[in-house]
Amino acid sequence: MTEPAVHYLLPRTVTEANGESQPCELGELAGKPLLMVLRVTDIIEQESLHVSIWGSADGQEWSSKALFWFPQRFYRGVTPAAVDLSQRPEVNRWGRGYPVPRFEFSVEVQQTENL
């Protein structure tokens, strides 16, 4: 049995301000059940990280509501989440937003068999 390929929606990033990433094409992952992993590798005390995942069919028009929100994070650690995009077949691009100062983190995504 082979391990599923890990793709990075957001490679290791250091941020000190609110922001958002560039859109990321899902390609073969579009419309499938996925496992997303938020890895917080560094933080400043008494701050919080809130990462949301947004979807778009064309990379220009984004829905008014996020596809998924990771729970708010205050410490280093790993937070996995299962997301079933088979319910949203039109979504083939991702983006993310976060309102935090000074966090280092990444978001991985890989296909999963079933949710």
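Residues numbered from 1 in each chain as written. Predicted model: local features only at pLDDT ≥ 70, side-chain atom pairs only at ≥ 80, totals over all residues. Heavy atoms only, no water.

**A word on the overall build of the protein**
No. 1: Looking only at helices and strands, the protein features 0 helices and 9 strands.
No. 2: In the protein, the succession of α and β elements from N to C terminus is β-β-β-β-β-β-β-β-β.
No. 3: Long-range contacts, defined as pairs at least 24 residues apart, comprise 82% of the intrachain contacts of the protein with a sequence gap of at least 6.
No. 4: For the protein, the accessible surface area stands at approximately 6,900 Å², while carbon and sulfur atoms represent 48% of it. (Helix = DSSP H or I, 4+ residues; strand = E, 2+ residues; numbered from the N terminus. Contact = heavy atoms within 4.5 Å. Areas by Shrake-Rupley, 256 points an atom, 1.4 Å probe, with all protein chains shown as cover.)

**A look at the packing of aromatic side chains**
No. 1: Under the defined criterion, the tally for this structure stands at 1 aromatic pair.
No. 2: Note on Phe 68 and Phe 70: the rings are 5.1 Å apart at their centroids and 90° apart in plane angle, and the pair reads as edge-to-face. Like Phe 68, the residue Phe 70 is buried in the burial classification. (Phe/Tyr/Trp six-rings, centres within 6.5 Å; stacked < 30°, edge-to-face > 60°. Buried < 20%, exposed > 50% of the residue type's maximum accessible area, 1.4 Å probe, protein only.)

**Some thoughts on the environment of Arg 12**
No. 1: In this fold, Arg 12 is placed in strand 1 (residues 7-15).
No. 2: Its relative accessible area of 64% is what places Arg 12 among the exposed residues.
No. 3: Residues Arg 12 and Thr 41 lie 29 residues apart in sequence; the distance between their C-alpha atoms is 8.7 Å.
No. 4: For Arg 12, the contacting residues outside a window of four places in its chain are Glu 104, Phe 105 and Ser 106.

**Some details on the pairing of strand 5 (residues 52-56)**
No. 1: The buried fraction of strand 5 amounts to 4 of the 5 residues, a majority that puts the element mostly inside the structure.
No. 2: Both strand 5 and strand 6 (residues 68-69) contribute to a ladder of 2 bridges, which runs antiparallel. Residue pairing in the sheet places Ser 52 in a bridge with Trp 69 of strand 6. (Pairing = 2+ DSSP bridges.)

**Digging into the side chain of Thr 13**
No. 1: Mapped onto the fold, Thr 13 is located in strand 1.
No. 2: Engagement of the side chain of Thr 13 in a polar contact is seen with the backbone oxygen of Pro 11, the distance being 2.6 Å. (Polar contact = N/O pair within 3.5 Å; in protein donor to acceptor, adjacent residues only side chain to side chain.)

**What about the environment of Lys 32?**
No. 1: Relative to the assigned elements, Lys 32 resides in the loop between strand 3 (24-25) and strand 4 (33-43).
No. 2: Each C-alpha atom, one on Lys 32 and one on Gln 110, is 9.6 Å from the other, the two residues being 78 residues apart in sequence.
No. 3: Beyond its immediate stretch of four places on either side in the chain, Lys 32 contacts Val 83, Asp 84, Leu 85, Ser 86 and Gln 111.
No. 4: Within the structure, Lys 32 has its side chain in polar contact with the backbone oxygen of Glu 28 (distance 3.0 Å).

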